[in-house]
Amino acid sequence: IPSVALRPLTIFGVGREIGLTSGPTKAVKAAVLGRSFVVEVTGSTGFHYVDDVARLFIDATEGVAKQGGAHVCGVRGHIASYEEFLSEAAR
């Protein structure tokens, strides 16, 4: 059975408001609404915008349909600290 699994790290964007790594989405939403928000996770991770991951998944399924087999892909993303991400998102 042709299949593909993607393993992104931290996804942010619309529809990503639940779970431990949903902090970046909640923080951006709070900033847009003029509210404060504290992200409970620190350190660095790979950040992925939800639309980019959706497009990657669609492209990967089309590719695996042609190639066959089962594939697992780690997706690195944009490596940054949560502090760097939030600082950039606030701009």
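As a reminder, the structure under discussion sits directly above these lines.
Let me begin by describing the structure that accompanies this report. From a predicted model like this one, the values you see are computed outputs, not experimental measurements. (Residues numbered from 1 in each chain as written. Predicted model: local features only at pLDDT ≥ 70, side-chain atom pairs only at ≥ 80, totals over all residues. Heavy atoms only, no water.)

1. Notes on the pattern of salt bridges
Turning to step 1, where the next piece is worked out: Scanning the entire structure with this criterion turns up 1 salt bridge.
Turning to step 2, where the next piece is worked out: Between arginine 55 and aspartate 59 there is a salt bridge; the shortest N-O distance is 3.1 Å. With arginine 55 and aspartate 59 both in helix α2 (residues 50–67) and 4 residues apart, this pair spans about one turn of that helix.
Turning to step 3, where the next piece is worked out: Judged by relative accessible area, aspartate 59 falls into the partly exposed class, the value being 38%. (Salt bridge = Lys/Arg side-chain N within 4 Å of Asp/Glu carboxyl O. Helix = DSSP H or I, 4+ residues; strand = E, 2+ residues; numbered from the N terminus. Buried < 20%, exposed > 50% of the residue type's maximum accessible area, 1.4 Å probe, protein only.)

2. Looking at the packing of aromatic side chains
Turning to step 1, where the next piece is worked out: Applying the stated criterion across every chain, the model contains 4 aromatic pairs.
Turning to step 2, where the next piece is worked out: On the basis of an interplanar angle of 50 degrees and a centroid distance of 5.6 Å, the ring pair of phenylalanine 12 and tyrosine 49 is categorised as tilted. Of the two residues, phenylalanine 12 is situated in strand β2 (residues 10–12) and tyrosine 49 in strand β3 (residues 44–49); the sequence distance between them amounts to 37 residues.
Turning to step 3, where the next piece is worked out: By relative accessible area, tyrosine 49 is classed as partly exposed at 35%.
Turning to step 4, where the next piece is worked out: The interplanar angle of 10 degrees and the centroid separation of 4.4 Å between the aromatic rings of phenylalanine 47 and phenylalanine 85 together place this pair among those described as stacked. (Phe/Tyr/Trp six-rings, centres within 6.5 Å; stacked < 30°, edge-to-face > 60°.)

3. Re a nonpolar patch on the surface
Turning to step 1, where the next piece is worked out: Residues Val28, Val32 and Leu33 make up a contiguous nonpolar surface patch of about 260 Å² in total accessible area.
Turning to step 2, where the next piece is worked out: Mapped onto the secondary structure, valine 28 falls in helix α1 (residues 23–32).
Turning to step 3, where the next piece is worked out: In this structure valine 28 comes out as partly exposed when scored by relative accessible area, which is 30%. (Patch = residues over 30% accessible without salt bridge, like charges linked within 9 Å, V, L, I, M, F, W, Y side chains within 5 Å. Areas by Shrake-Rupley, 256 points an atom, 1.4 Å probe, with all protein chains shown as cover.)

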